[in-house]
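# Chains, contacts and geometry: an overview
Read off the chains here:
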Amino acid sequence: MYFSLNKKIFYTVFVLLVFMAILFLTIFLNIYGKKYQEDQNSILLRNQYVMGLLYENIALRREIANSKVKLSKESKEVLSGDLGQKQEELSREQNLNKDLQENYNERTLAFTEGIKIISISSLLSLVSIIILGWLLQKWVISPTRKLTEASKFVAKGDFSHRIRLDKKQIFFDEFDTLSKTFNTMIDNIESNIAEIKNKEIFLQSLIDAIPDGIRVIDYKHNVVLANKAYMKQFKMFKVNECSKCYQAYNFDKPCPEGMFTCPLREIKSSSAKAISIIQNMSGRPLSINAAPLKIQDSTDKKDFYIIESIRDLSDDIRFSHEQKIASLGFLATSVAHEIKNNLGSIRMILEGLLDNYYQNVAEDNAEKKYLKMIYNQVVSSVEIPERLLKLARNSSGEHSSFDAGTNINEILSLLDYEAKRNGVVVHQQNAGGKNTIIGNEADFKMIILNLAQNALKAMPSGGELSIRTSKNQNYVLIEISDTGIGISPEKLCHIFEPFYSDGRSSRHQKTDLSLSIVKSLLKKFQGTINVDSAVNRGTTFTIKFPKTRRNKLQN
């Protein structure tokens, strides 16, 4: 229970005053009162004794006066002597009684004066206590109250409050010095806090400038620090004291062992200096680099943390795709400038030969037939750079309607040499009419090109590549099948993850960034992809494209 210093001092002084007054009065009464009572009793006894002698004297006189008996001379002398003796004794007792009465009166007066002195002393003591209490209030209690109020503000975290000091004050005491020291201490604390906050702002700005997601985790899975890239990656507005690292992956407890690799668990269990892993979270490939962070405080106690750098590889996949498009563009441009001119010259020479020397020659002439075949091949070769240029145009912001079958034919013409070199027979089946898709034509060609190239890599010793196009009321369906080496069931669920390797040689490897690019590009069409595969029996990819939904296309 709170009991103020003011009350403590007041009640203590009051109790001491009452105690001293009672003690002094008790001693006074015990000493003077008892003596006063004894004198009073003595006077009463003497008065009674004197009154008894007086009554005896009066009675004796009456008896003598009333007595008719003649006494002898000797008897009269005896009686006279006794009477004289009684009178002398009475006179002496009267004088003594008078002295006692005077002494009693003096003692009564002294007792009364003593009571007055006690009353005046008590009054003066009370006035002194009041003055002392006022001085204590001014010199001790008021400064203490100011210090207490200021301490309450500091305890609440408000360091702007100060103890007001009188600058015109001439004399200073310990409380004034303490108040000044207290203000100086608060100034230093406020300055240090401002410096710490500035350092925190600098540190936060520093890690916010890092494009990768950065977070610091303690040994209890608490996220103690994170940057803006991390917030953006996991759609978190802020990190508080209740944020757990596994909540970013939509878990309500630490990541299940075996399903996900927990960097905190791996570093604590193996005492590794750093680890690097790639994990697929909600369809997003994440590259995670983690390292332990041990901070030693002033008590020589080391706190254990880990710092994680999280990079969303979706941007790398997109960049890889853009690089591939840029490389194709550069290749197409080079082919167009280096080959197209030469092929054009050969075409003009062949046209001149045919017009000048073989115009009137019969069509069944062998030389004319071969020259025309050369001419047709040259014309076809001139169209190849044009197809490459068209494929390399990455107009991702523009959408148009195009025929799926026509674009597939162009892609297969680019892969014709590679297919023949590997001994692969290509079959193409298109549904009747046009299979119209709305979107970016270059992205569609890149999807078909990646899937077709993967199919050719899966058949290094030859086989069959079949591309079938069909449609229904809402979708255009494209099936790309090969008779290659296939994919095992345990690896089939990982093929769309970036940088995933199935452990085979690079010649037979079917899973790299190409399938991740395919899945990324399909999101722009709001399309889907399914895969069916069996080891040594081949693989089939089935792609579904929405038909004519321009308003739902993604940029």
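The rules behind the values
- Residues numbered from 1 in each chain as written.
- Predicted model: local features only at pLDDT ≥ 70, side-chain atom pairs only at ≥ 80, totals over all residues.
- Heavy atoms only, no water.
- Phe/Tyr/Trp six-rings, centres within 6.5 Å; stacked < 30°, edge-to-face > 60°.
- Helix = DSSP H or I, 4+ residues; strand = E, 2+ residues; numbered from the N terminus.
- Buried < 20%, exposed > 50% of the residue type's maximum accessible area, 1.4 Å probe, protein only.
- 1 Å grid on protein atoms, 1.4 Å probe; cavity = no way out; pocket = protein on both sides within 12 Å on 5 of 7 lines; lining within 4 Å.
- Points joined across faces, edges and corners; volume = space filled by probe spheres on them.
- Nonpolar A, V, L, I, M, F, W, Y, C, P; charged D, E, K, R; others polar.
- Core = buried A, V, L, I, M, F, W, Y, C linked by side-chain atoms within 4.5 Å.
- Contact = heavy atoms within 4.5 Å.

With that settled, consider the packing of aromatic side chains. Evaluated as defined, the whole model comprises four aromatic pairs. The interplanar angle of 50° and the centroid separation of 5.0 Å between the aromatic rings of tyrosine 230 and phenylalanine 234 together place this pair among those described as tilted. Of this pair, tyrosine 230 and phenylalanine 234 both sit in helix α4 (residues 228-234), separated by four residues, roughly a single helical turn. For the pair formed by tyrosine 230 and phenylalanine 234, the shared burial category is buried. A ring pair is formed by phenylalanine 444 and phenylalanine 545, whose centres lie 5.3 Å apart and whose planes are at 65°; its orientation type is edge-to-face. Placement of the pair is phenylalanine 444 in helix α11 (residues 441-457) and phenylalanine 545 in strand β12 (residues 538-546), with a sequence separation of 101 residues.

In this section: empty space enclosed by the protein. Tallying each qualifying case throughout the model produces four cavities of 30 Å³ or more. The volume enclosed by the largest cavity comes to roughly 100 Å³. Surrounding the largest cavity, 17 residues form its lining, Arg215, Tyr249, Cys255, Cys262 and Pro263 being those nearest its centre. Mapped onto the lining of the largest cavity, the elements with two or more residues apiece are β1 (213-218), α5 (263-270) and β3 (275-281). Residues of the lining of the largest cavity, tallied by class, amount to twelve nonpolar, three polar and two charged.

In terms of nonpolar packing, the biggest core is built from 37 residues, with Ile437, Phe444, Ile447, Leu451, Ile478, Ile529 and Phe545 touching the most fellow members. If you tally residues by element for this core, the top one is α11, at nine residues. If sequence neighbours within four positions are ignored, isoleucine 447 has contacts with Val518, Leu521, Leu522, Phe525, Ile543 and Phe545. Ile217, Ala248, Phe260 and Ile288 belong to the second largest nonpolar core, which has 23 residues in total.

Attention shifts here to unusual backbone geometry. Non-glycine residue histidine 221 carries a positive phi angle of around 70°. Looking at the secondary structure, you find histidine 221 in the loop between β1 and β2 (223-226).

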